Amino acid sequence: MALSKKDVEYVAELARLELTDQEKEKYAIQLGKILDYICKLKELDTQNIEPTSHVLGLENVMREDEVKPSLGQDEILSNAPQKEDGYFKVKKVIE
Amino acid sequence: MELYELKAHELVDKLKKREISSGELTKSVFLRIEEVEDKIHSFVTLDKEQALKNAEAIDKKIKKGNSVGALAGIPVAIKDNICIKGVRTTCSSKILENFIAPYNATVIEKLRASDAVFIGKTNMDEFAMGSSCETSFFGETRNPWDLDTIPGGSSGGSAAAVASDETILALGSDTGGSIRQPASCCGVVGLKPTYGAVSRFGLVAFASSLDQIGPLTKDVKDAALLMNVIAGHDKKDSTSVDYKVPDFTDSLKDGLKGVKIGIPKECFIEGLDKEVESHVKGAMKVLEQMGATLVDISLPHTEYGIAVYYIIAPSEASANLARYDGVKYGYRSDKAKDLLESYKKTRSEGFGQEVKRRIMIGTYALSSGYYDAYYLKALKVRTLIKKDFDDAFKKADVILTPTAPTAAFKIGEKTEDPLQMYLSDIFTITANLAGIPGISLPCGFNKKGLPIGLQLLGKHFCEEDILRVAYNYEKNTDWHKKSPKVKK
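About the criteria used
- Residues numbered from 1 in each chain as written.
- Chains lettered and ligands numbered in written order.
- Predicted model: local features only at pLDDT ≥ 70, side-chain atom pairs only at ≥ 80, totals over all residues.
- Heavy atoms only, no water.
- Pairing = 2+ DSSP bridges.
- Helix = DSSP H or I, 4+ residues; strand = E, 2+ residues; numbered from the N terminus.
- Axes fitted to C-alpha atoms, helices over the stretch in contact; angles between N-to-C directions.
- Parallel < 35°, antiparallel > 145°, perpendicular 65-115°, else oblique.
- Contact = heavy atoms within 4.5 Å.
- Nonpolar A, V, L, I, M, F, W, Y, C, P; charged D, E, K, R; others polar.
- Salt bridge = Lys/Arg side-chain N within 4 Å of Asp/Glu carboxyl O.
- Buried < 20%, exposed > 50% of the residue type's maximum accessible area, 1.4 Å probe, protein only.

**Student:** I would appreciate a short explanation of the sheet that holds strand 2 (residues 75–79) of chain B in the present structure.
**Tutor:** All names here are of chain B. Reading across the sheet, the eleven strands line up as 1-3-2-4-6-5-10-11-9-7-8 and stay open at both edges, with mixed pairing between neighbours. Each edge of the sheet is formed by a strand with only one pairing partner; in this case those strands are strand 1 (43–46) and strand 8 (293–297). When strand polarity is set aside, the average angle formed by the axes of neighbouring strands in this sheet is 30 degrees. Of the strand pairs in this sheet, strand 5 (residues 189–192) and strand 10 (residues 438–445) are connected by three bridges, and their pairing is antiparallel. Across the sheet, the residue bridging to K192 is G438, located in strand 10.

**Student:** Just checking my understanding: could you explain the packing of helix 4 (residues 106–113) of chain B against helix 7 (residues 220–230) of chain B for this structure?
**Tutor:** When two helices pack together, their arrangement is given by the angle between their axes and by how far apart the axes lie. All names here are of chain B. Direction vectors running N to C along helix 4 and helix 7 enclose 110 degrees, while the axes themselves pass 8 Å from each other. By the angle class used here, helix 4 and helix 7 are roughly perpendicular. Mapping the contact onto sequence places V107, K110 and L111 in helix 4 and L226, V229 and I230 in helix 7. Residue classes in the contact of helix 4 with helix 7 are distributed as five nonpolar, no polar and one charged.

**Student:** I'm lost on the pattern of salt bridges in this one. Help?
**Tutor:** One side chain can pair with another of opposite charge once the charged atoms of both are near each other. Residues and elements named next belong to chain B. Per the counting criterion, the structure on display carries 28 salt bridges over all chains. In this structure, the salt-bridge partner of E34 is K48, at a minimum N-O distance of 3.1 Å. Separated by 14 residues along the polypeptide, E34 in helix 2 (residues 22–40) and K48 in helix 3 (residues 48–64) bring together distant segments of the chain. Taking the relative accessible area as the measure of exposure, E34 reaches 51% and is therefore exposed. K394 serves as the salt-bridge partner of D391, at 3.5 Å between the closest nitrogen and oxygen. With D391 and K394 both in helix 12 (residues 372–395) and three residues apart, this pair spans about one turn of that helix.

Okay, structure coming up:
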């Protein structure tokens, strides 16, 4: 079942995407199809099954809190679309 | 025979004995690239000048009698989602079109320490999202066996480069089959290691619980050689595992006596191409004749693999790709009036259709009210899929399946139907969900002359088992000796 235009707009807003009307229509149908397919999982009873988020059952990995060399300011800023006085420059945030 | 046609394990000795130089070899590879690259388009970035400089430096080292690394002087192509310091790393996306990596991935540090020579960055589906290499911002890569056909994806550039002799070795990455499926489509060997066997530091993240870097090579022995260099624990990747890395070439010495190969009944299903089926069954016979025992097994939740994957992978991707906001690096739209609009326009103009589609699926699955129904449900079914493998590996040492349900399809055939595209990963996806290693190697050609791939899956950290079976099969067949006739 296709998603509603409102659903598509809501999800796009959450994902910080601006979609054209054409994209909205296309995604409503395609996402609907994909979600229908995914609903196949409802066939399975998983009430007593533990979720797996990491396959090897890894716990938190800790390390000593030591100071080590890291990238310098110039390297960090080298890919910035806009920079000024050693800072990343963005549009005004506070009025 | 040209130098570019040789395998790494044949070249390593010749280089060390100074029968040939890395300079000659690297020039030979670039000559081949100049012959065929405009037809195949395996690469996003090539760096001949730097490659030749590095090759000469290694030749000097050898000449002086200094000790050199395991891959001294061997040209390697790197998928364009793995960072090489000072080199453009684009993920085949407009949003990273001009991104110059400020550091090396751990696998790059390791390859550098082994004295390998980087020749360029290979094309891929944008952010590794795809099975055909068609979603690249830089245009598609073509299959060297048939230029109207896809090379597979997402590591299609690496697979095509290996198949057409544009490189000796290549690295790819595999999140749902992205090394193995292109290897199958291009008739080369592709290995996805166990999750945690190879460091992901410096691999641009797509789905962090599934991604692994691995080799694409001309034969099984080369895959073992490359694994020797890239595997191992890394403090910079907390999900990499501290384990004793074996010499992967050791496992190639053993025969197949006593090896139990599991054949899942869920593999020979409707929708499996008849020619794929008959070649895979042919491979089973060969392995049996060589002393392996075939055992029937069942992986009952295989049919749910794609549904689980297309919740987990896009969910992780939607979080990982949130960083592309046009602030610190990458493309920024110049049409925005305020910061929020800048994020939206940057991402909408910078990402391609498939990436946006997956961000949308993932955001939907993680959004308030749907989390339990989709994401949590998928994680639970992931447990069932992993348990299927645990049970199967009580009866079998390795599991055999086709790599893909069909040979490579035509360019454009599935671009308008994403679900059909996703279904081409049915046999590869479950290995990523369970974290187990898998290898694809050629097991025949269909009537159109396109390669067909055989997949072998092993237990966690048992790459040696699948390499051993793959090597024995390869030794007794000639499929890997065929090369595509790409005309100059």
